[in-house]
Amino acid sequence: MSTSSPDRRIDRVSGTALPLRGNNIDTDRIIPARYLKAITFEGLGEHVFEDDRASMPDHPFENPAYAGASILVVNENFGSGSSREHAPQALKRWGIGACVGESFSEIFLGNATTIGLPCATADAGGVERLMAATEQDPRTRMILSVAGRHVEAAGQTVPVRIPDAVREALLTGQWDATALLLDDFEAVRAVSGRLPYVTGF
């Protein structure tokens, strides 16, 4: 089995950012429950925060100044609530390539990691500086370094935390479990061929 997948390694994520203020933003708000019936995740991006955007015309995801943003900056306990994997899928399909916040729901963090969406935490002061910078100028470029454990923006560097296991999975490409199996599918076939509940013998 492969121990490193260079083509899938994730270290630096760069681009403009989208600040989303508020604590305890749950998965029901990120992607409404009516979209959980979808057979695939295709098209979920256009429905991210759909109900919030409809009720709040000034919602950041509705603001054209943040169109094309790659990094989402959030506050405490982002992604709480139900365990739906559709939430990080919707964000990634909207165009988000990384999240930086004060804290993330453990299940949301796990679901995000399995699709290669890095989530890094920073203290409240650091998050506030990042939000303020991009609110002042939505064109502000941010760079998240998974290896360096920091975010650079507007001439400042904010330290971030990423669990060691998550960091290693991102840096080696091992976050993509399905691709790892396909990389060495003959070994998978050999093992399955020895399992009585697969072979029937």
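**Q** Can you lay out the sheet that holds strand β7 (residues 156-159) for me, pointing to particular residues and giving the numbers?
**A** The seven strands are arranged β4-β3-β2-β1-β5-β6-β7 in an open sheet whose pairing can be described as mixed. At either end of the open sheet lies a strand with only one pairing partner, and these are β4 (119-121) and β7. Pairs of neighbouring strands in the sheet enclose a mean axial angle of 30°, with direction left out of account.

**Q** Give a description of the pairing of β7 that names residues and reports values.
**A** By the bridge criterion, four bridges tie strand β6 (residues 150-153) to β7 in an arrangement that is antiparallel. Among the inter-strand pairings, His150 is bridged to a residue of β7, identified as Pro159. Here β6 hands over to β7 after two residues, with Ala154 in that stretch at a positive phi of 50°.

**Q** I'd like a description of the packing of helix α3 (residues 86-94) against helix α4 (residues 106-113), backed by residues and values.
**A** One way to put it is that α3 packs onto α4 with a least axis distance of 8 Å and a crossing angle of 50°. In terms of orientation, α3 and α4 fall into the oblique class. Here α3 and α4 pass one another in a crossing that is right-handed. Contacts from Ala87, Pro88 and Leu91 of α3 reach α4 at Phe108, Asn111 and Ala112.

**Q** Before we move on, could you go through the pairing of β6 and cite the residues and values that matter?
**A** As defined by bridge partners, strand β5 (residues 141-145) adjoins β6 across four bridges and the pair is classed as antiparallel. Its bridge partner lying in β6, Ile143 is registered against Glu152. Turn length for the β5-β6 hairpin, with the two strands adjacent in sequence and antiparallel, is four residues, and the turn residue Arg149 shows positive phi of about 55°.

**Q** Any details on α3? Residues and values, ideally.
**A** His86, Ala87, Pro88, Gln89, Ala90 and Leu91 are the residues of α3 that are buried. The inward-facing, buried residues of α3 abut α1 (27-30), β2 (71-74) and α4. At the exit of α3 stands Gly95, carrying a positive phi of roughly 130°.

**Q** Could you give an account of the nonpolar core, with specific residues and numbers?
**A** The biggest cluster of nonpolar side chains holds 27 residues, and the ones touching the most others in it are Leu20, Ile30, Phe49, Leu72, Phe78, Leu91 and Phe108. Among the secondary structure elements, those contributing two or more residues to this core are β1 (12-20), β2, α3 and α4. Ranked by size, the runner-up nonpolar core spans 24 residues in total, among them Ala17, Ala98, Leu144 and Val158.

The rules behind each value
- Residues numbered from 1 in each chain as written.
- Predicted model: local features only at pLDDT ≥ 70, side-chain atom pairs only at ≥ 80, totals over all residues.
- Heavy atoms only, no water.
- Pairing = 2+ DSSP bridges.
- Helix = DSSP H or I, 4+ residues; strand = E, 2+ residues; numbered from the N terminus.
- Axes fitted to C-alpha atoms, helices over the stretch in contact; angles between N-to-C directions.
- Parallel < 35°, antiparallel > 145°, perpendicular 65-115°, else oblique.
- Left-handed = near helix turned anticlockwise from the far one by under 90°.
- Contact = heavy atoms within 4.5 Å.
- Buried < 20%, exposed > 50% of the residue type's maximum accessible area, 1.4 Å probe, protein only.
- Core = buried A, V, L, I, M, F, W, Y, C linked by side-chain atoms within 4.5 Å.

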